[in-house]
Amino acid sequence: MKTDTPQPVRLEEYKPTPYLIDTVELDFRLNPTATEVRARMALRPNPHASETSVPLVLDGERISLKSIALDGVPLDATRYHVTSESLTLQEVPQRPFSLEIVTTCNPAANTELSGLYLSGGVFCTQCEAEGFRRITYFYDRPDVMARYTVRIEAEREDVPVLLSNGNPREQQVIGGTSRHFAIWDDPFPKPSYLFALVAGTLASVHDTFTTMTGREVALGIYVQQGREDRCQWAMESLKQSMRWDEQRFAREYDLDVFNIVAVPDFNMGAMENKGLNVFNDKYILANPETATDADYVNIESIIAHEYFHNWTGNRITCRDWFQLCLKEGLTVFRDQEFTSDLRSRAVKRISDVKTLRARQFPEDNGPLAHPPRPNAYIEINNFYTPTVYEKGAEICRMMLTLIGEDAFRRAMDLYFERHDGEAATVEDFVTCMADASGRDLGQFFTWYTQAGTPQVTAATAYDPAKKQFTLTLEQEVRPTTGQEEKQPLHIPIKLGLVDPAGQDMPLDLEGVGSLNAPLIELTEQCQTFRFNNVAERPVLSLNRGFSAPVKLRTAHTSAELLFLMGQDNDSFNRWEAGQTLGRDLILSAYAGAISQADVSGFVQALRQILDDVSLDDAFKAMMLILPTESEIAAALGRDVDTDKVHAARDDVRGLLARALASNLEAIWARTAETGAYRPDPASTARRALRQAALALMIVGDNVRGIQWALAELDGPHNMGAEIGALGALVQIESPEREEALERFHQRHSNEHLLIDKWLMLNAQCAGTNAAARIEALTRHPDFKWTTPNKVYALILGFTGGNTAGFNAADGSGYRLVADAILKLDAINPQVASRVATSFRTCKLLDEGRRKAAEAELGRILAEPSLSRDVLEIVAKIVRG
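Note that this is a predicted model, so its numbers are computed, not measured.

Asker: How would you summarise the sheet that holds strand β10 (residues 115-119) if you had to cite specific residues and measurements?
Answerer: Within the open sheet, the four strands sit side by side as β10-β11-β16-β13. Their pairing is antiparallel. The open sheet has two free edges, formed respectively by β10 and β13 (161-164), since each of these has just one partner strand. Each strand of the sheet is rotated relative to its neighbour by a mean of 15 degrees, with strand direction disregarded. Both strand β11 (residues 122-126) and strand β16 (residues 197-200) contribute to a ladder of two bridges, which runs antiparallel. Each bridged residue has a counterpart across the sheet, and for Phe123 the counterpart in β16 is Ala199.

Next up, the structure:
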């Protein structure tokens, strides 16, 4: 077993670099196997450094040093020292000086997709978090901000497009040769992780955007040739994002050009490089024949996210990687608000909470728990996590809730004013919130430094004689690794007291009086709130809008939950009541038999919602979807039999489908596609309800559901309908499922993004021998271990979308995934470590499954060449 655990990087050990880099001139001579990079840097001693007159130590790995010159004088090998991770100059001037370093790298051999690599023959970079050190020797950390000028030279026939950050200065052919070059200037200082270069044969579409001060910005989207007709939605989404950021936060774009490049090989979703965003092409390319409604929404959202980084991430970056949630959590919050303003705010909030509970809650309550601002890491790439992103966004949302919309906007303005052009900290951001609002946020800051999801327990009492309603709240955060002692958090909780007619009662809080906003603040471990002048016993609606990312435990009866599901004025809590009722029904089915009578109240409440013409179809679709198998496993908490969970959930879904058959038939009839595909919110909502009805019907009545699915596949074509039908079919074992999947592959074998969907659908197929199905697909010619999207679709589609298959009692799912991790670790450790997180909840399982999973984790740790990426994740899971 691997025992030489790398030493962690610790927040407490942060110190500024002893030297600063003011400007960088990069000169690339592109070659697929031997690219030469000449870096000319202007450096000077850092006046804020804690150490002076010390060696210059620059980061660098997997590059070959050709020469180095100090102030124009070449250095011989006695003047510097090179290791596999650094370049050290023992003596440098204690005044401004220049350094010129020439290195080479091999883009074609770079399967880790970090640094400079090739994607479909196109040169591409990915430098976040520590990829720039694979291009040249540098201070590869976010607090070293420099101005970049980039010259790119290549064969013009093979590499006609030459792109980098900033504004284009010059492009011309080199006389008497077959080569050409382009020069790009970025006037804004940036850290090395925001550097970008893309060069190759690319098609493009172009547009312009006029900013709020009248400047015209040239917009370009670059894609593989033949795909430019699928960029229109992305371009419209970009312009919407630019307009929204001006209107909501007065943030104007600052360069003359904004370019996006879409490539098929990319470890993440997208990257916000200044002026040159690089995207995984699944988040750019869309038309009705190739993209689903979810694809359109994701494109809209992710383009917004990367664009919003221009101010929250680029103009103001993070001082060190421990502050990652400063840029990512804030920017996720901003993109969530963008989508809420464009689409249904209520449905968006439910969707975001579903994501949080599916991805972040398990992390926060397992061996990979860490604070949104961690205090140590071994591999920074392992901390691009749901806690940093989604929980980080929730912390921003809580601050908005506490200080109000106007103060939050003032705080954002203050943040931009104080820290533009700086590498900031979380403290800097929260201080702006406090200064702009006058609120003391000292206790609130604990949200950033403490791991774990709080559990808030509510107890109520009503005194009819005093007309007083008493609410007692108690908060608890269970110990997590490295944090045994937990401090009480400052938790904003929106609430309502709902009368029998479904109306909110006035809130007259003892000691405060009439509340201006329906909000209380829990700051102690146990706290009591008394409301006066409450004419009759209300039903408590707590944590409205999911105002805090907590687990809520109340003493609501089934009758009260049914009342809230039907009457609450807060859409989120209507949905939440339905989820609680659905969870309790599935838990009852897990414990024993359940009958049609047991679901009758829930059915009636659902029927009332489905019949309400005033409600959004997307909201109705959400109400038809029960808690996931993973959520049920988390609710059980220990000794989970995943086969029983799967069966129990399907039992309840079947009972609901049969009871709601007439409603589902009516939905199916009225939601049929009648015209050309449109990705607008109303059309998207209608299709979401149609697909939710189909997914439920096929479980309750296999024959009828299969008929519907096959008719959808044969009907008017759009990819949303096709994937919706196939998504329903994969839930049950049937010949029709296999035939439909084979037809899909035959129709779309030349479209790589649709092959990814085909792989994911196969990964989610319910039934026996699931692991054998996946193993066979890893040998399919359309699957490539070197392409992250293929791995995510098949392997993560299996671990995340086929709970019963991954957790098969015979351990076959664990063996398959462990084999995949070991294979991937030699190709792309970032992807391998992401797959390894699939084991994070294995401690919840019954003894047989738990031991089988632990055996595979032990086998992974026994690999002597294991990367630190995978080692960090697996070792944490094993320690538990």
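Asker: Break down the pattern of salt bridges for me, citing the residues and quoting the values.
Answerer: With the rule as written, the count across this model stands at 80 salt bridges. The salt bridge involving Arg134 is made with Glu61; its shortest N-O contact spans 2.9 Å. Separated by 73 residues along the polypeptide, Arg134 in the loop between β11 and β12 (146-155) and Glu61 in the loop between β4 (56-59) and β5 (64-70) bring together distant segments of the chain. Neither residue differs from the other here; Arg134 and Glu61 are each classed as buried. A salt bridge links Arg687 to Asp293; the nearest nitrogen and oxygen atoms lie 2.8 Å apart. Of this pair, Arg687 sits in helix α16 (residues 681-700) while Asp293 sits in helix α2 (residues 293-308), and the two are 394 residues apart along the sequence. There is no split in this pair, since Arg687 and Asp293 are both buried. Sharing partners across several salt bridges, the network here consists of Asp27, Arg29, Glu36, Arg38, Arg40, Lys66, Glu100, Arg151, Glu153, Glu155 and Arg179.

Asker: Account for the pairing of strand β3 (residues 35-45), with residues named and values stated.
Answerer: Direction of pairing for strand β2 (residues 19-29) relative to β3: antiparallel, over a ladder of 10 bridges. Paired with Arg29 across the bridge in β3 is Glu36. In this structure, the hairpin formed by β2 and β3 is closed by a connection of five residues. Two elements, β3 and strand β9 (residues 97-105), share nine bridges in a ladder whose sense is antiparallel. Residue pairing in the sheet places Leu43 in a bridge with Phe97 of β9.

Asker: Describe in detail the packing of helix α25 (residues 829-836) against helix α27 (residues 868-879), supporting the description with residues and values.
Answerer: At a closest axis distance of 8 Å, the pairing of α25 and α27 adopts a crossing angle of 15 degrees. Between α25 and α27, the interaxial angle falls into the category roughly parallel. Crossing handedness for the pair α25 and α27: left-handed. Between α25 and α27, the residues in contact are Pro829, Gln830, Ala832, Ser833 and Ala836 and Asp869, Val870, Ile873, Val874 and Ile877, respectively. In the contact of α25 with α27, the residues fall into seven nonpolar, two polar and one charged.

Asker: Please set out the environment of Leu20 residue by residue, giving values where relevant.
Answerer: Locating Leu20 in the fold gives a position in strand β2. Those residues within four positions of Leu20 in sequence are excluded, and the remaining contacts are Ala42, Leu43, Arg44, Asn46 and Pro47.

Asker: Any details on helix α19 (residues 735-748)? Residues and values, ideally.
Answerer: Look at α19: 20 Å from first C-alpha to last across 14 residues, which is about the 20 Å you get at 1.5 Å a residue. Buried within α19 we find Arg737, Ala740, Leu741, Phe744, His745 and His748. In an axial view of α19, the angular spread of the buried residues amounts to 135 degrees, which keeps them on one side of the axis. Facing away from the buried surface of α19 by more than 90 degrees, the exposed residues are Pro735 and Gln746. The secondary structure elements touched by the buried residues of α19 are α17 (702-714), α18 (719-729), α20 (752-763) and α21 (770-778).

Asker: I'd love a proper account of the packing of aromatic side chains, names of residues and values included.
Answerer: The geometry of two aromatic rings is summed up by the distance between their centres and the angle between their planes. Tallied over the entire structure, the rule returns 34 aromatic pairs. Ring geometry for Trp668 and Trp708: centres 4.6 Å apart, planes at 5 degrees, overall stacked. Within this pair, whereas Trp668 is found in helix α15 (residues 661-670), its partner Trp708 is found in helix α17, the two being separated by 40 residues in sequence. When sorted by exposure, Trp668 lands in the same class as Trp708, which is buried. Of the aromatic side chains, those joined through ring pairs into one cluster are Trp244, Phe249, Tyr253, Phe258, Tyr307, Phe308 and Phe338. In this arrangement the basic side chain of Arg251 is found over the ring face of Trp311, its NZ or CZ atom lying 4.6 Å from the centre. When the ring centre of Tyr14 is taken as reference, the NZ or CZ atom of Arg319 above it lies at 3.8 Å.

Asker: Before we move on, could you go through the nonpolar core and cite the residues and values that matter?
Answerer: A general tendency of soluble globular proteins is for nonpolar side chains to be buried together. In this structure, Ile284, Phe429 and Phe531 are the most contacted members of the largest nonpolar core, which totals 171 residues. It is helix α5 (residues 386-403) that provides the largest number of residues to this core, a total of 10 residues. Excluding its chain neighbours within four sequence positions, the residues that come into contact with Phe429 are Leu326, Leu330, Cys396, Met399, Met412, Tyr415 and Tyr448. Counting residues in each nonpolar core, the second largest holds 121 residues, with Leu626, Leu726, Leu794 and Val817 among its members.

Asker: So what's going on with the sheet that holds strand β32 (residues 539-542)? Residues and values would help.
Answerer: A sheet is described by the order of its strands in space; here three strands give the open sequence β30-β27-β32, paired in antiparallel fashion. Looking at which strands have only one partner, the edges of the open sheet turn out to be β30 (519-522) and β32. Here the strands of the sheet are splayed against their neighbours by 35 degrees on average, with no regard to which way each runs. Helix-sheet contacts for α5 involve β27 (491-498) and β30, and the interaxial angle to β27 is about 60 degrees. Packed onto the sheet, helix α9 (residues 558-567) meets β27 and β32 and runs at close to 60 degrees relative to β32.

The rules we used
- Residues numbered from 1 in each chain as written.
- Predicted model: local features only at pLDDT ≥ 70, side-chain atom pairs only at ≥ 80, totals over all residues.
- Heavy atoms only, no water.
- Pairing = 2+ DSSP bridges.
- Helix = DSSP H or I, 4+ residues; strand = E, 2+ residues; numbered from the N terminus.
- Axes fitted to C-alpha atoms, helices over the stretch in contact; angles between N-to-C directions.
- Salt bridge = Lys/Arg side-chain N within 4 Å of Asp/Glu carboxyl O.
- Buried < 20%, exposed > 50% of the residue type's maximum accessible area, 1.4 Å probe, protein only.
- Parallel < 35°, antiparallel > 145°, perpendicular 65-115°, else oblique.
- Left-handed = near helix turned anticlockwise from the far one by under 90°.
- Contact = heavy atoms within 4.5 Å.
- Nonpolar A, V, L, I, M, F, W, Y, C, P; charged D, E, K, R; others polar.
- Expected span 1.5 Å × (residues − 1).
- Arc of directions from axis to C-beta.
- Phe/Tyr/Trp six-rings, centres within 6.5 Å; stacked < 30°, edge-to-face > 60°.
- Lys NZ or Arg CZ within 6 Å of the ring centre and 35° of its normal.
- Core = buried A, V, L, I, M, F, W, Y, C linked by side-chain atoms within 4.5 Å.

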